[in-house]
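One-letter residues, chain by chain:
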Amino acid sequence: TVPQSSIAPLALGGTIPAAGFTLNNDFPVFSSMTSATVANGFIWVVMHNNLGIDLDSVEITLHDIGFGIPLGSQILPGGLTNGETDSVQFDLTGFTISNQMRAMSSCHTAGGTILSTGTQDISSAIVFSSPFAVSAATAAIPALSRSFSQDVGLNRSTAVYQATLGGGTLSISIANNTPLPSTVTLTLPDFIQGGLPLVVSRDIAAYSSSNVNVDLIDASLVPRDSSYPQNISIDVLASSPGSDAGQIAINQNQSFSVSAGMSGLWVR
């Protein structure tokens, strides 16, 4: 908010001749990030004129303070009359932005009379679209989880409906290709041990992998898929506590991956 008293052409009130002035409004720092590449999103700059006089022209430039670059300029059609609120939209798709913005507003009044002074001002606010998607960022990352499924061929010449295994190994390779430490939980609903689906869980550090060999002796194989050729499902849940208050560089191409295979299966 900029008080009228700090705008030279308007400060004393009374009869105001035609005049122009510029406002630089710095928005608060987005403390949870340093930078972000916008995949899809808009910012609106919203202005409210409480100066006691009409503005017949307002041009707003959205300026990135951190990178020292303009992100675009827009004009409020028809200016901004006293008591009016209006906004302009900036498409930031494809921009890499920092954590602080500035609205640089070039204003003009055709003149008029300001009847009182002391409480008048002009204010601006910044509003993000929803959704506002980024493809990469250096930021504090909240807790997150991702789930997906992996199918493994049973590789038998006939379908299995239910069987107790005398032996066999399920070999699983889990890769955490992200900068976040994560817990990866694998559920194999087609294998039953102790009356429950087989579950394997591993804590995996950032940019690390883990190889898991599961002994399937005495497990029951009850495939949900009874059609031939059969696939066995592995349901994967990757969860991370995030980065707490710290900031890390992350992008949309980073991933979790699971590959699996079975060997030596035989039925009692």
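Here the structure is a predicted model, which means the values were calculated and not measured.

Looking at the overall build of the protein
Okay, so step 1: A tally of regular secondary structure across the protein gives 0 helices and 22 strands.
Okay, so step 2: Scaling as 2.2 N^0.38, a compact globule of 268 residues should have a C-alpha radius of gyration of about 18 Å, whereas the protein reaches 30 Å, well beyond that.
Okay, so step 3: Looking at the protein residue by residue over its 268 residues, the buried ones come to 38%.
Okay, so step 4: Carbon and sulfur atoms make up 51% of the accessible area of the protein, which totals about 13200 Å².
Okay, so step 5: The centroid of the 6 positive side-chain charges in the protein is displaced by 24 Å from the centroid of its 17 negative side-chain charges.

Concerning the sheet that holds strand 12 (residues 121–128)
Okay, so step 1: Read from one edge of the open sheet, 4 strands run 1-12-5-8, paired in antiparallel fashion. The open sheet has two free edges, formed respectively by strand 1 (2–3) and strand 8 (85–91), since each of these has just one partner strand.
Okay, so step 2: One ladder, built from 8 bridges, connects strand 5 (residues 42–50) with strand 12; its direction is antiparallel. Looking at strand 12, one finds that His 48 is bridged to Ser 123.

Examining the pattern of salt bridges
Okay, so step 1: Taken as a whole, this structure holds 1 salt bridge when the rule is applied.
Okay, so step 2: In this structure, Asp 26 engages Arg 102 in a salt bridge whose closest nitrogen and oxygen atoms are separated by 2.5 Å. Note that Asp 26 is positioned in strand 3 (residues 19–26) and Arg 102 in strand 10 (residues 101–109), a separation of 76 residues in sequence.
Okay, so step 3: Of the residues examined, Asp 26 reaches a relative accessible area of 42% and is grouped as partly exposed.
Okay, so step 4: In this structure Arg 102 comes out as partly exposed when scored by relative accessible area, which is 23%.

Considerations on the sheet that holds strand 21 (residues 248–251)
Okay, so step 1: Read across the sheet, 4 strands follow the order 9-4-13-21 without closing on themselves; strand pairing throughout is antiparallel. In this open sheet, the two edge strands, each paired with only one partner strand, are strand 9 (96–98) and strand 21. In this sheet, neighbouring strand axes are inclined to one another by 20° on average, regardless of whether the strands run parallel or antiparallel.
Okay, so step 2: The pairing of strand 4 (residues 33–40) with strand 13 (residues 133–139) spans 6 bridges and is antiparallel. Considered in strand 13, the bridge of Asn 40 is made with Ala 133.

Quick look at unusual backbone geometry
Okay, so step 1: Geometrically, the link from Ser 130 to Pro 131 is a cis peptide bond, its omega value of 10° lying close to zero.
Okay, so step 2: Take Pro 131: it is sitting in the loop between strand 12 and strand 13.
Okay, so step 3: With a phi angle near 50°, Tyr 207 is a residue other than glycine that sits in the positive phi range.
Okay, so step 4: In this fold, Tyr 207 is placed in the loop between strand 17 (196–204) and strand 18 (208–215).
Okay, so step 5: Even without being a glycine, Asp 244 presents a positive backbone phi close to 55°.
Okay, so step 6: Relative to the helices and strands, Asp 244 is located in the loop between strand 20 (231–240) and strand 21.

What about the environment of Ser 98?
Okay, so step 1: Counting through the fold element by element, Ser 98 comes out in strand 9.
Okay, so step 2: Distance in space between the C-alpha atoms of Ser 98 and Gly 68 is 9.3 Å, their sequence separation being 30 residues.
Okay, so step 3: Beyond its immediate sequence surroundings of up to four residues, Ser 98 is in contact with Phe 30, Met 33, Thr 34, Ser 35, Asp 64, Ile 65, Gly 66 and Phe 67.
Okay, so step 4: In terms of polar contacts, Ser 98 uses its side chain to reach the backbone amide nitrogen of Gly 66, at 3.1 Å.
Okay, so step 5: At 3.4 Å, the side chain of Ser 98 forms a polar contact with the backbone nitrogen of Gln 100.

A short note on the packing of aromatic side chains
Okay, so step 1: This model, assessed by the stated rule, comprises 3 aromatic pairs.
Okay, so step 2: Between Phe 128 and Phe 132, the aromatic rings sit 5.0 Å apart at their centres with planes inclined by 90°, giving edge-to-face as the arrangement.
Okay, so step 3: Assessed through its relative accessible area of 33%, Phe 128 is described here as partly exposed.
Okay, so step 4: The exposure class of Phe 132 is partly exposed, given its relative accessible area of 24%.
Okay, so step 5: Taken together, the ring pairs connect Phe 30, Phe 128 and Phe 132 into an aromatic cluster.

Notes on the pairing of strand 17
Okay, so step 1: Sheet analysis places strand 16 (residues 182–193) next to strand 17, joined by 9 bridges and oriented antiparallel. Pairing of Ser 182 across the sheet is with Ile 204, part of strand 17.
Okay, so step 2: The turn joining strand 16 and strand 17, which pair antiparallel and follow one another in sequence, is formed by 2 residues; a positive phi near 65° is taken by Gly 194.

Thresholds applied
- Residues numbered from 1 in each chain as written.
- Predicted model: local features only at pLDDT ≥ 70, side-chain atom pairs only at ≥ 80, totals over all residues.
- Heavy atoms only, no water.
- Helix = DSSP H or I, 4+ residues; strand = E, 2+ residues; numbered from the N terminus.
- Rg over C-alpha atoms; globule rule 2.2 N^0.38 Å.
- Buried < 20%, exposed > 50% of the residue type's maximum accessible area, 1.4 Å probe, protein only.
- Areas by Shrake-Rupley, 256 points an atom, 1.4 Å probe, with all protein chains shown as cover.
- Lys, Arg positive; Asp, Glu negative; His and termini not counted.
- Charge placed at Lys NZ, Arg CZ, Asp CG, Glu CD.
- Pairing = 2+ DSSP bridges.
- Salt bridge = Lys/Arg side-chain N within 4 Å of Asp/Glu carboxyl O.
- Axes fitted to C-alpha atoms, helices over the stretch in contact; angles between N-to-C directions.
- Contact = heavy atoms within 4.5 Å.
- Polar contact = N/O pair within 3.5 Å; in protein donor to acceptor, adjacent residues only side chain to side chain.
- Phe/Tyr/Trp six-rings, centres within 6.5 Å; stacked < 30°, edge-to-face > 60°.

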